[in-house]
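Observations on chain architecture
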Amino acid sequence: MDANKILEMRNLTVSFSTARGKIQTIRQVDMDLYRGETLAIVGESGSGKSVTVKTIMGIQAKNQTIDSGQIRFKYQEQGQEIEVDLLQLSKQTMRSKINGKRIAMIFQDPMTSLNPTMTIGDQIMEGMFIHYQTPKEEARAKALKLLDLVGIHDGDKRMKQYPHQLSGGMRQRIVIAIALACDPEILICDEPTTALDVTVQAKILELIKQIQLKTGIAVIYITHDLGVVAKVADYVSVMYAGRIVEKGSVEDIFYQPRHPYTWGLLSAMPDLETKTEKLYTIPGNPPNLAHHKQGDPFFIRNDFALKIDQRIEAPMFKLSSSHYVASWLVHPDAPAVKMPVSLSKRIERMVKVGEGRD
Ligand SMILES: Nc1ncnc2c1ncn2[C@@H]1O[C@H](COP(=O)(O)OP(=O)(O)O)[C@@H](O)[C@H]1O
Ligand SMILES: [Mg+2]
């Protein structure tokens, strides 16, 4: 792996056994994550975002099988650089060495990750005791520092409180402090602000960015909201029906999107000018892969579909060193198809705003 790369997922394919038989839910997913950078995974609900990152954490449902793949992960231990394939590690090793220690995850609903019967302080220190046998006083000092880092400045008082005594935004800050307690290499955020109101959401996003600047941690940020992606991401992977259909730098995806699904997501994103208009929504619903037979699962919802999409899913085409798209529209023999005019106008506006910021 590259010196700065810390996670490299290749060809991850995951199935679930269901009453309808075995369904391939995650399909040939590749992912690269670099130190200090944020990769956003975006896609509608059900596209496979959570299953993909849970696989990184070694969290698996009983009816789940990993059909293929590799997840190379690099971390430091006692000054040594260690590289492992997470899929080859035992559950026990994942639990004792990786999960919560080297890779931490925060979820949508802070209440599900907090223990209602334990004080905030004990919850922040728990990982330090389990993973590092940190002495009590040292752990306490670190917990206070972490609270400060997540913007909670009356730490002494908060340490003694219980989750129900805090607001939703405050709880999510605590969850982030717990996640950071063991100095992980990777922080995975699975829709961490969806349950919060817009102002709190903006604060949490800003907080994650600040933490990243201070600690150099790599972040995988999952969301269904491209507006959030624009605020946090360096790289973006767009997921549909268990597959990455487009990926690139944040500029590639926002300024030069090539997949009709990405066009749809971008068109559905509210911006300043469209606030009063009715917002675009992608027609139809995400597919049920149990019923899918052949071709591109996006075919029926795709206004720009070609005949070939009905039979054969497009392979991943490389557009540049950072930008890839799984769409036949970029094939040399494809008819010239442009994104909707309303979207290209919107992108012109975004470019202007972006330039104004620099
Ligand atoms: N244990 C399970 N058994 C069967 N299907 C599952 C299971 N867990 C998740 N799925 C299916 O996998 C797909 C992807 O789910 P998920 O990763 O949670 O989507 P997202 O996070 O993008 O909303 C969904 O269609 C979901 O129904
Ligand atoms: Mg999810």
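Before going into details, it helps to say that this report is about the structure given with it.

Here is what the cut-offs are and how they apply
- Residues numbered from 1 in each chain as written.
- Chains lettered and ligands numbered in written order.
- Predicted model: local features only at pLDDT ≥ 70, side-chain atom pairs only at ≥ 80, totals over all residues.
- Heavy atoms only, no water.
- Helix = DSSP H or I, 4+ residues; strand = E, 2+ residues; numbered from the N terminus.
- Pairing = 2+ DSSP bridges.
- Axes fitted to C-alpha atoms, helices over the stretch in contact; angles between N-to-C directions.
- Parallel < 35°, antiparallel > 145°, perpendicular 65-115°, else oblique.
- Left-handed = near helix turned anticlockwise from the far one by under 90°.
- Contact = heavy atoms within 4.5 Å.
- Nonpolar A, V, L, I, M, F, W, Y, C, P; charged D, E, K, R; others polar.
- Disulfide = S-S within 2.5 Å.
- Buried < 20%, exposed > 50% of the residue type's maximum accessible area, 1.4 Å probe, protein only.
- Near = heavy atom within 4 Å.
- Polar contact = N/O pair within 3.5 Å; in protein donor to acceptor, adjacent residues only side chain to side chain.
- Areas by Shrake-Rupley, 256 points an atom, 1.4 Å probe, with all protein chains shown as cover.

Here Asn11, not a glycine, exhibits a phi torsion of approximately 55 degrees, which is positive. Within the secondary structure, Asn11 is located in strand S1 (residues 5–18).

On the basis of which strands lie adjacent, the open sheet formed by eight strands has the order S6-S7-S8-S3-S9-S10-S12-S11 and mixed pairing. Here the strands that pair on one side only, and so sit at the sheet edges, are strand S6 (103–106) and strand S11 (317–318). In this structure, S11 lies alongside strand S12 (residues 324–325), joined through two bridges in antiparallel fashion. Looking at the pairing, Lys318 lines up with Tyr324 of S12.

We now examine the packing of helix H7 (residues 168–180) against helix H8 (residues 198–215). The N-to-C vectors of H7 and H8 enclose an angle of 20 degrees; their axes lie 10 Å apart at closest approach. Accordingly, the angle class assigned to the pair H7 and H8 is roughly parallel. The chirality of how H7 crosses H8 is right-handed. Taking contact as the criterion, the partners of Gly169, Gln172, Arg173, Ile176 and Leu180 in H7 are, on H8, Val200, Lys203, Ile204, Leu207, Ile208 and Ile211. Partitioned by chemical class, the residues of the contact of H7 with H8 number seven nonpolar, two polar and two charged.

Turning our eyes to something else, we now look at the state of the cysteines. Taken as a whole and assessed by the stated rule, the structure comprises zero disulfides. Free of any disulfide, Cys182 has its nearest neighbouring cysteine sulfur in Cys189, separated by 16 Å. Look at Cys182 and you get buried, because its relative accessible area is 2%. Residue Cys189 is classed as buried on the basis of its relative accessible area of 0%.

To continue, consider the site of ligand 1. Gly46, Lys49, Ser50, Val51 and Asn63 are the nearest of the 13 residues found near ligand 1. Here Val51 contributes a backbone N or O atom positioned 2.8 Å from an oxygen atom of ligand 1. A distance of 2.9 Å separates a nitrogen atom of ligand 1 from a polar side-chain atom of Asn63. For ligand 1, whose accessible area on its own is 570 Å², the fraction buried by protein is 63%. Take the shell around ligand 1: its biggest share by element is three residues, from helix H1 (residues 49–56).

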